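The residues making up each chain are set out below.
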Amino acid sequence: MASWGAAAVASYFLGAIPTSYLIAKTVAGLDLRMVGSGNLGATNLYRVLGWKYALPVALFDGCKGAIPVAVFGPWVHAGVLGSLLLGVGAVIGHVFSVFVQFRGGKGVATSAGILFGLAPGAFGAALAIWAATLAISGYVSLASVVAAAALPPAIWFLVPTRRGLVGWFAVLALLVIWLHRANIRRLLNGTEARFGRGAPLPRGSQ
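Residues numbered from 1 in each chain as written. Predicted model: local features only at pLDDT ≥ 70, side-chain atom pairs only at ≥ 80, totals over all residues. Heavy atoms only, no water.

**Description of the packing of aromatic side chains**
Enumeration according to the criterion identifies 5 aromatic pairs in this entry. With a centroid separation of 4.5 Å and an interplanar angle of 45°, the aromatic rings of Y46 and W51 are classed as tilted. On the numbers, 6.3 Å between centres and 55° between planes, the contact of F72 with W75 is tilted. You can see F72 and its partner W75 sitting in helix α4 (residues 51-75), 3 residues apart, about one turn around the helix. Judged by its relative accessible area of 45%, W75 falls in the partly exposed class. Geometry around W156 places R163 over its ring, the cationic atom sitting 4.5 Å from the centre. Cation over ring: R181 sits above W178, and NZ or CZ is 3.9 Å from the ring centre. (Phe/Tyr/Trp six-rings, centres within 6.5 Å; stacked < 30°, edge-to-face > 60°. Helix = DSSP H or I, 4+ residues; strand = E, 2+ residues; numbered from the N terminus. Buried < 20%, exposed > 50% of the residue type's maximum accessible area, 1.4 Å probe, protein only. Lys NZ or Arg CZ within 6 Å of the ring centre and 35° of its normal.)

**Observations regarding unusual backbone geometry**
In this structure, H77 takes a positive phi of about 55° despite not being glycine. Relative to the assigned elements, H77 resides in the loop between α4 and α5 (79-95). Owing to a relative accessible area of 62%, H77 belongs among the exposed residues under this scheme. You will see that F102, though not glycine, has its phi angle at about 60°, which is positive. Mapped onto the elements, F102 comes out in the loop between α5 and α6 (108-118).

Given below as structure tokens:
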């Protein structure tokens, strides 16, 4: 039987696949770390290359979180909490990828994949909150922070069978918010860039 440690390593390396970096490099010869915001996430890829490439990357980044909880966890009989922790391992891999000098994205799509795998109802609520906040404000970073903050209560009220994991999901939400700390400072200062392809961005934005 495969070990929990092997599943954890597999989760990290799955998360560490630098999807947006590889697409930008292959399609346009660009180092995504050097263009736009410098962030290795689907939002920066969208700004540089458009939806044609950003949407598949966002979906794949979501699968990075869903596969550990839906496949690796059951494979090693990790249980629900163990599967969640494997998903968090994928988020860490995505944010701190060994393949690109421990750079990466901000873990939003990968965290969403975990949520989709463990609590689809809360995933739907968080996605709706994210989309509504983006539509109203125009800020991807604000949408991500608000959706993350809404995650623990969404789990509590919408998925009673997962209430025992609320504390762990709160940790995941705090991680996502912490990764957006520079964006939060710019939002408070009124210098954060709104969402839109080709818009100039300060380095380190979403």
